[in-house]
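# Survey of secondary and tertiary structure
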Amino acid sequence: MRMLEEFFPEFTEKLDEIDKLYADTRTIDEKTYQFICFALSIKARSKPCVLKHFKGALEAGATVKELSYIFALTMREAAGADDCWTHDVIGDWREILKGNVSCSCCGDED
């Protein structure tokens, strides 16, 4: 975000406003919030956010064992979701091989 802070500070200011709104209106406890953010950070592959929410969860009373469980759950659910999604996308692989499936992102026509 350093580049955005320098060249588009209005955007980062709005993000700060959104963060404050979330904090002010949160309906879940801090530990649960940190668990959710930790899991989303893993899925998003954001190292700074993983570290931030790992630390935040510990500060909210989580244990490393609990965080390990969240980590394993995230990895398992992500793998399952990725697997299911991929099977849905290429489920018609026989039709793809025949050339009967188009992809507009590749310039194919429907």
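Residues numbered from 1 in each chain as written. Predicted model: local features only at pLDDT ≥ 70, side-chain atom pairs only at ≥ 80, totals over all residues. Heavy atoms only, no water.

Under the annotation held in an unreviewed UniProt entry, the chain carries the name Carboxymuconolactone decarboxylase family protein and is attributed to Methanococcoides methylutens MM1.

## Side note on the layout of surface pockets
Filter applied, for reference: Two kinds of site are reported from a 1 Å grid over the protein atoms alone, namely cavities, where a 1.4 Å probe fits but cannot get out, and pockets, open sets with protein on both sides within 12 Å along at least five of seven lines, and residues are called lining when an atom falls within 4 Å of a point. Grid points are joined across faces, edges and corners, and a volume is the space filled by probe spheres set on the points. Here a strand is any run of E in DSSP of at least two residues, a helix any run of H or I of at least four, and the numbering for each starts at the N terminus. Residues are grouped as follows: nonpolar covers Ala, Val, Leu, Ile, Met, Phe, Trp, Tyr, Cys and Pro; charged covers Asp, Glu, Lys and Arg; every other residue, Gly included, is treated as polar.
Roughly 700 Å³ of volume is contained in the largest pocket. In this structure, the largest pocket is lined by 22 residues; those nearest its centre are Asp19, Tyr33, Cys49, Lys52 and His53. Taken together, the elements giving at least two residues each to the lining of the largest pocket come down to helix 2 (9–25), helix 3 (30–44) and helix 4 (47–59). Per-class residue counts for the lining of the largest pocket are 11 nonpolar, 6 polar and 5 charged.

## Description of the environment of Lys52
Rule in force here: Three exposure classes are used, based on accessible area relative to the maximum for each residue type with a 1.4 Å probe and protein chains only: buried under 20%, partly exposed in between, and exposed over 50%.
Checked against the element boundaries, Lys52 lands in helix 4. Residue class for Lys52 comes out exposed when judged on its relative accessible area of 54%. Once the C-alpha coordinates of Lys52 and Ala79 are considered, the two residues, 27 residues apart in sequence, prove to be 23 Å apart.

## Brief notes about the pattern of salt bridges
Just so we agree on the cut-off: In the sections that follow, a salt bridge refers to a side-chain nitrogen of Lys or Arg positioned within 4 Å of a carboxyl oxygen of Asp or Glu.
Evaluation of the coordinates by the stated rule reveals 6 salt bridges. A salt bridge links Glu30 to Arg26, with the nearest nitrogen and oxygen atoms 2.3 Å apart. With a relative accessible area of 37%, Glu30 lands in the partly exposed category. Lys98 is paired through a salt bridge with Glu95; the nearest N and O atoms lie 3.4 Å apart. Pair noted here: Lys98 and Glu95 are both in helix 6 (residues 93–98), with a separation of 3 residues, about one helical turn.

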